[in-house]
Amino acid sequence: MGDVARLAGVSIKTVSRVVNDEPGVHPATAARVVACIEQLGFRRHLGARDLRRGSSSKTIGLVLEDVANPFSSVLTRAVEEAARARGWHVLTGSSDAQPSRERELAVEFCARRVDGLLVVPAGGQHGYLAAEMRTGTPVVFLDRPAGDVVADTVLVDNAGGTAAAVRHLHAHGHRRIAFLGDAPQIFTAAERLRGFREGCARAGLGWDDELVVMGPHDAPGAARALARVCGGERPATAVIAGNNRITVHVLRALAGAAARPALVGFDDFELADLVDPPVTVLAHDTAAMGRAAMELLFARLDGDSGPPRRVVLPVRLVPRGSGELPCR
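Residues numbered from 1 in each chain as written. Predicted model: local features only at pLDDT ≥ 70, side-chain atom pairs only at ≥ 80, totals over all residues. Heavy atoms only, no water.

Moving on: the overall build of the protein chain. Counting its secondary structure elements, the protein chain contains twelve helices and twelve strands. Each principal axis of the C-alpha distribution contributes one length, and for the protein chain these read about 90 × 40 × 30 Å. Counting over 328 residues, the protein chain shows a buried share of 47%. When the accessible area of the protein chain is evaluated, it comes to approximately 16400 Å², of which 52% is carbon and sulfur surface. Averaging the coordinates of the 39 positive side-chain charges in the protein chain and doing the same for the 37 negative ones gives two points 4 Å apart. (Helix = DSSP H or I, 4+ residues; strand = E, 2+ residues; numbered from the N terminus. Buried < 20%, exposed > 50% of the residue type's maximum accessible area, 1.4 Å probe, protein only. Areas by Shrake-Rupley, 256 points an atom, 1.4 Å probe, with all protein chains shown as cover. Lys, Arg positive; Asp, Glu negative; His and termini not counted. Charge placed at Lys NZ, Arg CZ, Asp CG, Glu CD.)

Turning our attention to unusual backbone geometry. Following Gly215, the chain continues to Pro216 via a peptide bond in cis, the omega torsion being 10°. Looking at where Pro216 falls in the secondary structure, it is placed in the loop between strand E7 (212-214) and helix H10 (219-230). Across the junction of Asp276 and Pro277, the peptide omega takes the value -5°, indicating a cis bond. Relative to the elements of secondary structure, Pro277 occurs in the loop between strand E9 (262-266) and strand E10 (280-283). We note that Asp21 has phi near 55°; this positive angle belongs to a residue other than glycine.

Turning to the packing of aromatic side chains, a few remarks are in order. This structure, assessed with the given rule, holds three aromatic pairs. The interplanar angle of 20° and the centroid separation of 5.3 Å between the aromatic rings of Phe179 and Phe196 together place this pair among those described as stacked. You can see Phe179 sitting in strand E6 (residues 177-181) and its partner Phe196 sitting in helix H9 (residues 187-202), a full 17 residues away along the chain. Ring geometry for Phe196 and Trp207: centres 5.7 Å apart, planes at 65°, overall edge-to-face. Of this pair, Phe196 sits in helix H9 while Trp207 sits in the loop between H9 and E7, and the two are eleven residues apart along the sequence. Residue classification places Trp207 among the partly exposed positions, given a relative accessible area of 34%. An aromatic cluster is present here, built from Phe179, Phe196 and Trp207 joined pairwise through their rings. The ring centre of Phe266 lies 3.7 Å from the NZ or CZ of Arg192, which sits over that ring. Above the ring of Trp207, the side-chain terminus of Arg197 is found at 4.1 Å from the ring centroid. (Phe/Tyr/Trp six-rings, centres within 6.5 Å; stacked < 30°, edge-to-face > 60°. Lys NZ or Arg CZ within 6 Å of the ring centre and 35° of its normal.)

Moving on: the sheet that holds strand E11 (residues 310-313). With parallel pairing, six strands are arranged side by side in an open sheet as E2-E1-E3-E4-E5-E11. Both outer strands of the open sheet, strand E2 (89-94) and E11, are each paired with one neighbouring strand and no more. On average, adjacent strands in this sheet sit at an angle of 15° to one another, irrespective of strand direction. The sheet contact formed by strand E1 (residues 59-64) and E2 spans six bridges and is parallel. Bridging across to E2, Leu62 finds its partner in Thr92. Along the sheet, helix H5 (residues 70-84) contacts E1, E2, strand E3 (116-119) and strand E4 (139-142); its crossing angle with E1, the most-contacted strand, is approximately 170°. (Pairing = 2+ DSSP bridges. Axes fitted to C-alpha atoms, helices over the stretch in contact; angles between N-to-C directions. Contact = heavy atoms within 4.5 Å.)

An ideal rise of 1.5 Å per residue puts 18 Å on 13 residues; helix H6 (residues 99-111) measures up with 18 Å between its terminal C-alpha atoms. Burial in H6 covers these residues: Glu102, Leu105, Ala106, Phe109 and Cys110. When H6 is viewed along its axis, its buried side chains cluster within an angular range of 130° and face the same direction. Counted as exposed and oriented over 90 degrees from the buried face of H6: Ser100 and Ala111. Those residues of H6 that are buried are in contact with E1, E2, E3 and helix H7 (130-134). Trailing H6 by a residue or two, Arg113 shows a phi angle of about 65°, which is positive. (Expected span 1.5 Å × (residues − 1). Arc of directions from axis to C-beta.)

On the surface, Leu7, Leu40 and Phe42 cluster together to form a nonpolar patch covering roughly 230 Å² of accessible area. Overall, the relative accessible area of 35% leaves Leu40 in the partly exposed class. (Patch = residues over 30% accessible without salt bridge, like charges linked within 9 Å, V, L, I, M, F, W, Y side chains within 5 Å. Salt bridge = Lys/Arg side-chain N within 4 Å of Asp/Glu carboxyl O.)

For E9, a buried count of five out of five residues is recorded, marking the element as mostly surrounded by other parts of the structure. Examined bridge by bridge, strand E8 (residues 238-241) and E9 share four bridges and lie parallel to one another. Following the sheet pairing, Ala238 is matched in E9 by Ala262.

Its location among the elements puts Asp115 in the loop between H6 and E3. At 6.7 Å, Arg113 is the nearest oppositely charged side chain to Asp115, a buried residue that forms no salt bridge. One polar contact links the side chain of Asp115 to the main-chain amide nitrogen of Lys58, over a distance of 2.6 Å. When residues no more than four places from it in sequence are discounted, the contact partners of Asp115 are Ser56, Ser57, Lys58, Thr59, Trp88, Thr137, Pro138 and Leu301. (Polar contact = N/O pair within 3.5 Å; in protein donor to acceptor, adjacent residues only side chain to side chain.)

The following block contains the structure:
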């Protein structure tokens, strides 16, 4: 401000009034001060301003698993739109499914004085956030619950979804149904496996460990898993893929195959309705998850001190063709 004041020929107090939009400065003088600020290339340090005033930074930290995943991109867009509607901003980072990276990002965002934090957990230990939460920084967990702290959480009905998929395939004559899931230590994968078990039990289908292969799956791994469950003397006639990536890997493995098992994929994905046959999916509204998380976060920022809430969003089965193939 001293440099600007000298160049503009005014007092430091006048510069302060201009940059803080305070009254009492002649318009011509204010215009001269602004021109000098531009000439010198100075910008406001908003973080320093907030520290001095003790005010809100109007920023939210969002820790994702992988920003390149379509799920993450839709979630980010919903969070940004909700933030923008209130004049706030979002800082985003990918944990790459590594608990250490998740912690690093969350701590870094808090060090930058974000007003709230949204986390898609990569690990099961979140005690490192307890101090921030005690001092008033609200934290909302998405897609998976926190491991060792109690906080607001937004989930989807994972178990109900896979149980519905089993029921749907059973109604189309399938009795040998396989499940290809993600790593079982992941909450969503474990819940989807639980729903598969419950769905099989309700349908009166005997449990067969040979029909379940848990990941993580890359393209070659998914192809091997598919060959395992669909080979042998009693092959699976239908497959439930545990997430959108596994579904895509399965589709690649089935390309050109003369005979295909029926397929239901968990999570919708782009072009799922254009492959042959179109892919039947268990769909949930990822954008609604982002909006629900922001509603919880802003409620806390607005003074809600009630007990932690757990929101579970519904899953719906979208029949398109692959999940309606009859049992051969």
